[in-house]
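Structure at a glance
Residues per chain are reported as follows:
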Amino acid sequence: MQKLIQGLHHFQSNIFSSQRELFERLAHGQSPDALFITCSDSRINPNLITNTQPGELFILRNAGNIIPPHGAANGGEGATIEYAVAALGVRDIIVCGHSHCGAMNGLLNIDSLGELPAVRQWLSHAEATRRIAKENYEHLSGGALLTATIEENVLVQLENLRTHPTVAAALSRGKLSLHGWVYKIETGEVFAYDPEQEQFLPLAAKVRVEPAPGVPVLAGQSI
């Protein structure tokens, strides 16, 4: 705790004072560029990996970067998504998984979560991911299976995202694009899903534009 307090004092004495104009401007409102959905894992820092400043990302975090389908849960995910799209008017939503994800490892070993009933219940919203991994990746094990599961989970959660009314409406108007990313902790690389090649590829600098409504687009974009 002392480290956090010292960090707070450093922020107030050095960082805030040098960027006072930015924070005063932010006090009057926010207009983020994107909604960034990622895992609660302490090793993930969305602003750090995207080189963004306060006010530029609207961030939603939970174990496993999971988005329950519309109406499936009473948590804050639906409200956060709705506010980002309908009130803040974000034009991009990024679902970002990451390497060495403990939530996805738990999903693959669901029986090991007997003493974590809340975690097990939460991961039920990724049941489609578990079944895909079990039935389509029987030939994989260990780290390779975990990586495949992490990637498949990003795609599953993007499909769940499409069930939210504000997202579906914005997509139909061409006012919103969805992106699937996986961040590799040990190398700093980010891989984006390319629907044409149906695989995650190193993130390209160019933005991929979503085609006509109803056609899934899960490509990445640099921010």
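In what follows, the structure referred to is the one given above.
No experiment lies behind these values; they were computed from the predicted model shown.

Counting its secondary structure elements, the chain contains 9 helices and 6 strands. On C-alpha atoms alone, the chain measures out to a radius of gyration of 18 Å, which is about the 17 Å that the 2.2 N^0.38 rule sets for 223 residues. Expressed as a percentage of its 223 residues, the buried residues of the chain come to 40%. Taking as baseline every contact in the chain between residues at least 6 positions apart, the subset at least 24 positions apart corresponds to 64%. Carbon and sulfur atoms make up 52% of the accessible area of the chain, which amounts to about 12,200 Å² in all. In the chain, 16 side chains carry a positive charge and 22 a negative one; their mean positions are 3 Å apart.

Attention shifts here to the packing of aromatic side chains. Evaluation of the coordinates by the stated rule reveals 6 aromatic pairs. When the centroid spacing of 6.0 Å and the interplanar angle of 35° are considered together, the rings of Phe58 and Tyr83 count as tilted. Highlighted residues: Phe58 in strand 2 (residues 57-62) and Tyr83 in helix 4 (residues 77-87), separated in sequence by 25 residues. Owing to a relative accessible area of 42%, Tyr83 belongs among the partly exposed residues under this scheme. One aromatic cluster is present, built from ring pairs that chain together Phe11, Phe16 and Phe23.

In spatial order, the strands read 2-1-3-4-5-6; together these 6 strands make up an open sheet with mixed pairing. A single partner strand is all that each edge strand has here, and the edge strands are strand 2 and strand 6 (199-202). Here the strands of the sheet are splayed against their neighbours by 30° on average, with no regard to which way each runs. One ladder, built from 4 bridges, connects strand 5 (residues 190-194) with strand 6; its direction is antiparallel.

Further remarks concern the packing of helix 7 (residues 127-136) against helix 8 (residues 142-161). Closest axis-to-axis distance for the helix 7/helix 8 pair is 9 Å, and the angle between their directions is 140°. By the angle class used here, helix 7 and helix 8 are oblique. Along this stretch, helix 7 crosses helix 8, giving a crossing that reads as right-handed. Of helix 8, the residues touching helix 7 (which contributes Ala128, Thr129, Ile132 and Ala133) are Leu145, Thr149, Glu152, Asn153, Val156 and Gln157.

Attention now moves to the nonpolar core. Core analysis: the largest hydrophobic core is formed by 37 residues, its most contacted members being Leu35, Ile93, Leu161 and Val167. In terms of residue count, the dominant contributor to this core is helix 8 (6 residues). Beyond its immediate stretch of four places on either side in the chain, Ile93 contacts Leu35, Ile37, Val85, Leu161, Val167, Leu176, Ser177, Leu178 and His179. One finds Ile94, Trp181, Tyr183 and Ala192 within the second-largest nonpolar core, a separate group that totals 10 residues.

Together, Met1, Leu4 and Ile5 make up a nonpolar patch on the protein surface, roughly 350 Å² of accessible area in all. Among the structural elements, Leu4 can be located in helix 1 (residues 2-18). Residue classification places Leu4 among the exposed positions, given a relative accessible area of 60%.

Take the environment of Glu189 next. Structurally, Glu189 can be placed in the loop between strand 4 (177-183) and strand 5. Here Glu189 falls in the partly exposed class, since its relative accessible area comes to 35%. With 101 residues separating them in the primary sequence, Glu189 and Leu88 have C-alpha atoms 29 Å apart. When residues no more than four places from it in sequence are discounted, the contact partners of Glu189 are Val182, Tyr183 and Lys184. A polar contact of 2.8 Å, which involves the side chain of Glu189, links it to the side chain of Thr187.

Calculation notes
Residues numbered from 1 in each chain as written. Predicted model: local features only at pLDDT ≥ 70, side-chain atom pairs only at ≥ 80, totals over all residues. Heavy atoms only, no water. Helix = DSSP H or I, 4+ residues; strand = E, 2+ residues; numbered from the N terminus. Rg over C-alpha atoms; globule rule 2.2 N^0.38 Å. Buried < 20%, exposed > 50% of the residue type's maximum accessible area, 1.4 Å probe, protein only. Contact = heavy atoms within 4.5 Å. Areas by Shrake-Rupley, 256 points an atom, 1.4 Å probe, with all protein chains shown as cover. Lys, Arg positive; Asp, Glu negative; His and termini not counted. Charge placed at Lys NZ, Arg CZ, Asp CG, Glu CD. Phe/Tyr/Trp six-rings, centres within 6.5 Å; stacked < 30°, edge-to-face > 60°. Pairing = 2+ DSSP bridges. Axes fitted to C-alpha atoms, helices over the stretch in contact; angles between N-to-C directions. Parallel < 35°, antiparallel > 145°, perpendicular 65-115°, else oblique. Left-handed = near helix turned anticlockwise from the far one by under 90°. Core = buried A, V, L, I, M, F, W, Y, C linked by side-chain atoms within 4.5 Å. Patch = residues over 30% accessible without salt bridge, like charges linked within 9 Å, V, L, I, M, F, W, Y side chains within 5 Å. Salt bridge = Lys/Arg side-chain N within 4 Å of Asp/Glu carboxyl O. Polar contact = N/O pair within 3.5 Å; in protein donor to acceptor, adjacent residues only side chain to side chain.

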